Amino acid sequence: MALKSPRFASNNHLQQAATNLAPIRRGSTGPHVAIVQQAFIDLGLAMAITTKKGAPDGIFGGETESRVWQFQARTGLTKDGVIGRETMTKLDELLPTNDPPMQPLPPSVMTHKINVHMRSIDNPVVPEFTQLKVMQDVFAQYMIDVIMQSGESIGLAPGEQLTLNVVDGDCEWDQVSDEQKLLQNSGSRQNVGPNDITVYFATVLREKNGSTLQGCAGHAPTRPAVMIAASAIDKTTMAHEVCHALLGSHFVPVHTDDSANLMCNAAVCTGAPAYLTVSQLNRVFASKLVHKLPS
Ligand SMILES: [Zn+2]
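How each quantity is defined
All residue numbers here refer to positions counted from 1 along the written sequence of the relevant chain. Per-residue local features of the predicted model are confined to residues with pLDDT of at least 70, and side-chain atom pairs are confined, for both listing and counting, to 80 or more; whole-chain, interface and lining totals are unaffected and use all residues. The side-chain numbers reported here are obtained from all heavy atoms of the structure, hydrogens and water having been left aside. Relative accessibility under 20% of the residue-type maximum defines a buried residue, over 50% an exposed one, and the middle range a partly exposed one, all with a 1.4 Å probe and only protein chains included. Starting at the N terminus, helices and strands are each numbered in turn, a helix being any DSSP run of H or I of at least four residues and a strand any DSSP run of E of at least two. For two strands to pair, DSSP has to find at least two bridges joining them. By convention, orient the strands away from the viewer: a clockwise path from the first strand over the helix to the second makes the crossover right-handed. Donor selection uses N, O and S atoms within 2.8 Å of the metal (3.2 Å for Na, K and Ca). Since no water is included, sites may look incomplete. A pocket here means an open set of points on a 1 Å grid, computed over the protein atoms alone, that has protein on both sides within 12 Å along at least five of seven lines. A cavity is instead a set of points where a 1.4 Å probe fits but cannot get out; residues with an atom within 4 Å of a point line either one. Grid points are joined across faces, edges and corners, and a volume is the space filled by probe spheres set on the points. Only buried residues count toward a nonpolar core. Its members are Ala, Val, Leu, Ile, Met, Phe, Trp, Tyr and Cys residues joined through side-chain atoms within 4.5 Å. Two residues qualify as a contact provided that any one of their heavy atoms is within 4.5 Å of a heavy atom in the partner residue. The definition used for a disulfide is geometric: two cysteine sulfur atoms within 2.5 Å. Domain extents, as shown, originate in an automatic or database domain assignment. Put simply, buried area is the surface a 1.4 Å probe can reach on two separate parts but cannot reach once they are joined, added for both. Salt bridge, as applied in this entry: a Lys or Arg side-chain nitrogen positioned within 4 Å of an Asp or Glu carboxyl oxygen. UniProt positions are given in the numbering used here, feature names are shortened, and annotations may be inferred rather than shown by experiment. What a helix is expected to span follows from its residue count: subtract one and scale by 1.5 Å. Any pair of N or O atoms that falls within 3.5 Å is considered a polar contact. Within protein, one atom must be able to donate a hydrogen and the other to accept it, and sequence-neighbouring residues count only if both atoms are side-chain atoms. To pair, rings of Phe, Tyr and Trp, with the six-membered ring standing in for Trp, must have centres within 6.5 Å; the planes then decide the type, stacked if under 30 degrees apart, edge-to-face if over 60, and tilted in the middle.

*Asks:* So, the pairing of strand β1 (residues 112-120): which residues are in play, and what are the values?
*Replies:* Burial runs high along β1: 8 of the 9 residues are buried. Bridge analysis of β1 against strand β2 (residues 144-153) gives 9 bridges, and the strand direction is parallel. Across the sheet, the residue bridging to histidine 112 is isoleucine 144, located in β2. Crossover handedness for the path β1 to helix α6 (residues 128-140) to β2: right-handed. Across 5 bridges, β1 lies against strand β4 (residues 197-202) in parallel orientation. Pairing of histidine 117 across the sheet is with threonine 198, part of β4.

Dropping the structure here:
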């Protein structure tokens, strides 16, 4: 059906997308992308990266894909991050004029949850609750609730404290060094479910080659856990490491050069509001660590 809204109707690309002739997807660029980006902004989905020079940039990158997914999720459409007939028709319906609508979008309702247990042997530079809040904000975009099931400051015996001042051992999947094991066995495991994630705040994490890590998602089999160094200065460290646990060991790319993606390479992260791509989201939702909430 032809688009009616004046903001969309005169653009050929958008009319073609509305008939599914030429869906608009990641990699597309041009004025038609900018029109859709403005539509999402008017609907209340902020786009910090897209608008960093002021007006929407017309580049369909990771942030735009993430917003398409959110729009689809909020309006009950198929969540594929691609703008085709369904998505274009819904945009046309919600934005009949050039003005932003009075009521932007149906509210975001949490559909899934992640259970986390926090264990601290040291005080991180970015406080545990700051990191938790950042993680909750990242995942709330995708209707995943992050629930802190328990928290504990672990008092170690002096000998253990000495051993764990520096936690040595490479960050590898499904296997841990003796020291990592000692850390990951510290504190209560009461009420920690097999598909819950335990987050350990350690003092220093150091690999065998001497390099230090901000965090590591290495853990023993069937005991999903991540470790975070007290010195980590990136507020998204906990969200990033937990996301490694959700993506699993086979997901590629492990890291991305997209600086605002949650899984950015440490060297390129901007600290901008972190988002996930649709392929990352598909894997996250398939993780057994992500629990569907009763509807
Ligand atoms: Zn990482």
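*Asks:* With reference to specific residues and values, describe the coordination of the zinc ion.
*Replies:* Coordination of the zinc ion by the protein involves His240 (NE2), His244 (NE2) and His255 (NE2), with metal-donor separations of 2.0 to 2.1 Å. Mapped onto the sequence, the residues coordinating the zinc ion show the spacing H-x3-H-x10-H. Here histidine 240 and its partner histidine 244 are both found in helix α9 (residues 237-247), 4 residues apart, which amounts to about one turn of the helix.

*Asks:* Just give me the short version of empty space enclosed by the protein, but keep the residues and values in it.
*Replies:* The tally for this structure, following the rule as stated, stands at 2 cavities of 30 Å³ or more. Counted as a void, the second largest cavity has a volume near 40 Å³. Lining the second largest cavity are Val167, Gly169, Gln180, Leu205, Arg206, Leu213, Cys216 and Met227.

*Asks:* An account of the nonpolar core is needed here, citing residue identities and associated values.
*Replies:* Ile114, Met135, Phe139, Met238, Leu246 and Leu262 are the most contacted members of the largest nonpolar core, which has 40 residues in total. Top contributing element to this core by residue count: α9, with 7 residues. For isoleucine 114, the residues in contact, after removing those within four places along its chain, are Met135, Phe139, Ile144, Asp145, Val146, Ile147, Ile197, Leu246, Leu289 and Val290. Judged by nonpolar contacts, the second largest core, of 22 residues, contains Ile24, Ala39, Met47 and Leu77.

*Asks:* Explain the state of the cysteines to me, and be specific about the residues and the numbers.
*Replies:* The full count for this structure, using the stated rule, is 1 disulfide. Looking at the unpaired cysteine 243, the closest cysteine sulfur is the one in cysteine 264, lying at 11 Å.

*Asks:* If you had to explain the domain arrangement of the chain to someone new, which residues and values would you point to?
*Replies:* Assigned domains of the chain: these are domain 1 (6-94) and domain 2 (112-292). Between domain 1 and domain 2, the contact holds 14 residues from the first and 12 residues from the second. A combined buried area of about 1000 Å² lies between domain 1 and domain 2, and 68% of that area is made up of carbon and sulfur atoms. Measuring nitrogen to oxygen at the nearest pair gives 3.6 Å for the salt bridge that ties aspartate 258 to arginine 26.

*Asks:* How would you sum up the UniProt feature "domain: Peptidoglycan binding-like" (unreviewed entry) in the chain? Please name residues and give values.
*Replies:* Summarizing the sequence annotation, UniProt attributes the feature "domain: Peptidoglycan binding-like" (unreviewed entry) to residues 29-91 in the numbering used throughout. Counted over residues 29-91, helix gives 51% and strand 0%. Its end C-alpha atoms are 19 Å apart.

*Asks:* So, the environment of methionine 143: which residues are in play, and what are the values?
*Replies:* Residue position: methionine 143 is located in the loop between α6 and β2. Owing to a relative accessible area of 7%, methionine 143 belongs among the buried residues under this scheme. Between the alpha carbons of methionine 143 and alanine 274 there is a distance of 15 Å; along the sequence they are 131 residues apart. Residues contacting methionine 143, with those up to four places away along its chain left out, are Ala73, Arg74, Ser108, Val109, Met110, Thr111 and His112.

*Asks:* So what's going on with helix α3 (residues 31-42)? Which residues, and what values?
*Replies:* Look at α3: 16 Å from first C-alpha to last across 12 residues, which is about the 16 Å you get at 1.5 Å a residue. Among the residues making up α3, those that are buried are His32, Val33, Ala34, Val36, Gln37, Ala39, Phe40 and Asp42. Check the buried side of α3 and you find it contacts α1 (6-9), α2 (12-18), α4 (62-74) and α5 (85-94). Within two residues after α3, glycine 44 carries a phi angle of roughly 100°, on the positive side.

*Asks:* Give me the environment of lysine 113: which residues, what numbers.
*Replies:* With respect to the helices, strands and loops of the structure, lysine 113 is situated in strand β1. Along the sequence, lysine 113 and alanine 140 sit 27 residues apart, while their C-alpha atoms lie 9.5 Å from each other. The residues contacting lysine 113, other than those within four sequence positions of it, are Ile144, Asp145, Ile147, Gln149, Leu289, Val290, His291 and Leu293. One polar contact links lysine 113 to asparagine 115, side chain to side chain, over a distance of 3.5 Å.

*Asks:* Can you break down the packing of aromatic side chains residue by residue, with the values?
*Replies:* Enumeration over the complete set of coordinates arrives at 3 aromatic pairs. Seen in terms of ring centroids, tryptophan 69 and tyrosine 142 are 5.5 Å apart; in terms of plane orientation they differ by 75°. Their pairing is edge-to-face. In this pair, tryptophan 69 sits in helix α4 while tyrosine 142 sits in the loop between α6 and β2, placing the two residues 73 residues apart along the sequence. Tryptophan 69 gets classed as buried once you look at its relative accessible area, which sits at 3%. The class of tyrosine 142 is buried, set by a relative accessible area of 0%. On the basis of an interplanar angle of 20° and a centroid distance of 5.6 Å, the ring pair of tryptophan 69 and phenylalanine 285 is categorised as stacked.

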